[in-house]
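Chain by chain, the residues:
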Amino acid sequence: MLRKIMRIEDRRGFTLVEMLVVLVIVGLLLALVGPKVFSKLGKGKQTAAKAQIELLGQTLDHFRLDVGRYPTTQEGLAALMTNPGIPNWDGPYINKKDVPNDPWGKPYMYQCPGTHGEYDLSSYGMDGTPGGEGENKDVLSWE
């Protein structure tokens, strides 16, 4: 019985000082690495928006091949999912339930005829307003 008591007493946990040192080290690492990781997250969303705009552009081209024109601004990107009464429509052209939003959860802006081409497809980035830098930068089909 005396041996059991000694074994329990020989076991040691971490002291409060040791735990505080570990927490300070982890905090310093997060302070150094965190900003770099979060800046990459913003670039990832910008890249995803560019890829989605490119894919939507290809889908719009497929629509034009079938119908003979791009959807009008009034028909919008919804014309890729449901037929707005157009002859030769052979959709849906997107294999999802609905047209995807941009990576920030906002709908893509579509205009046809566009001011920069046959159509303009864009996202205003994280802030949802024209212009901006970094993650707030606009993603445009004509760039």
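This one's a predicted model, so the numbers in the text were calculated from it and none came from an experiment. (Residues numbered from 1 in each chain as written. Predicted model: local features only at pLDDT ≥ 70, side-chain atom pairs only at ≥ 80, totals over all residues. Heavy atoms only, no water.)

**Student:** Teacher, can you tell me more about the pairing of strand E2 (residues 120–123) here?
**Tutor:** When a strand is regular, its side chains alternate between the sheet's two faces. Burial of the side chains of E2 extends over both faces: Asp120 and Ser122 are buried on one face and Leu121 and Ser123 on the other. Pairing of strand E1 (residues 109–111) with E2 involves three bridges; the strand directions are antiparallel. Opposite Met109, over in E2, you have Ser122 as the bridge partner. (Buried < 20%, exposed > 50% of the residue type's maximum accessible area, 1.4 Å probe, protein only. Helix = DSSP H or I, 4+ residues; strand = E, 2+ residues; numbered from the N terminus. Pairing = 2+ DSSP bridges.)

**Student:** Please clarify how the pattern of salt bridges should be interpreted in this entry.
**Tutor:** It is possible for side chains of opposite charge to pair when their charged atoms get near one another. By the definition in use, this model includes two salt bridges. Note that Glu118 is salt-bridged to Arg64, the shortest N-O span being 3.3 Å. One end of the pair, Glu118, is in the loop between E1 and E2; the other, Arg64, is in helix H2 (residues 16–67), and 54 residues separate them in sequence. (Salt bridge = Lys/Arg side-chain N within 4 Å of Asp/Glu carboxyl O.)

**Student:** Please clarify how the packing of aromatic side chains should be interpreted in this entry.
**Tutor:** Where two aromatic rings form a pair, the distance of their centres and the angle of their planes describe that pair. Scanning the model with the defined rule gives four aromatic pairs in all. Measuring from ring centre to ring centre gives 5.5 Å for Phe63 and Tyr93, while their planes differ by 65°; the resulting arrangement is edge-to-face. Of this pair, Phe63 sits in helix H2 while Tyr93 sits in the loop between H2 and E1, placing them 30 residues apart in sequence. Exposure remark for Phe63: the relative accessible area of 0% places this residue in the buried category. For Tyr93, a relative accessible area of 10% corresponds to the buried category. (Phe/Tyr/Trp six-rings, centres within 6.5 Å; stacked < 30°, edge-to-face > 60°.)

**Student:** Could you clarify how one ought to interpret the nonpolar core in this entry?
**Tutor:** For soluble globular proteins, nonpolar side chains are generally found buried alongside one another. Leu56, Leu60, Phe63, Leu77, Leu80, Tyr110 and Leu121 are the most contacted members of the largest nonpolar core, which totals 23 residues. Those residues within four positions of Leu121 in sequence are excluded, and the remaining contacts are Ile53, Leu56, Gly57, Leu60, Leu77, Tyr108, Met109, Tyr110, Val139, Leu140, Ser141 and Trp142. (Core = buried A, V, L, I, M, F, W, Y, C linked by side-chain atoms within 4.5 Å. Contact = heavy atoms within 4.5 Å.)

**Student:** Help me understand the side chain of Gln46, please; the structure alone is not making it clear to me.
**Tutor:** With respect to the helices, strands and loops of the structure, Gln46 is situated in helix H2. At 3.1 Å, the side chain of Gln46 forms a polar contact with the backbone oxygen of Glu135. Setting aside residues up to four positions removed in sequence, Gln46 forms contacts with Trp104, Gly134, Glu135, Asn136, Lys137 and Val139. (Polar contact = N/O pair within 3.5 Å; in protein donor to acceptor, adjacent residues only side chain to side chain.)

**Student:** It is not clear to me how the sheet that holds strand E3 (residues 139–140) should be interpreted in this structure. Could you clarify?
**Tutor:** Strand pairing in a sheet relies on backbone hydrogen bonds, with the paired strands running either antiparallel or parallel. Taken together, the three strands give an open sheet; going across it, the order is E1-E2-E3, and neighbouring strands pair in antiparallel fashion. Pairing within the sheet leaves two strands with one partner each, and these edge strands are E1 and E3. Relative to E3, E2 runs antiparallel, the two sharing two bridges. From the neighbouring strand, Ser122 faces E3, where its bridge partner is Leu140.

**Student:** Looking at this structure, I do not really get the environment of Pro71. What am I missing?
**Tutor:** Note that Pro71 resides in the loop between H2 and E1. According to the relative accessible area criterion, Pro71 is buried, its value standing at 0%. On a C-alpha basis, the gap between Pro71 and Tyr119 in space is 9.0 Å, while along the polypeptide they are 48 residues apart. Contacts of Pro71, omitting those with residues within four sequence positions, involve Leu60, Phe63, Gly76, Ala79, Tyr110 and Cys112.

Honestly, it's all geometry; don't read function into it.
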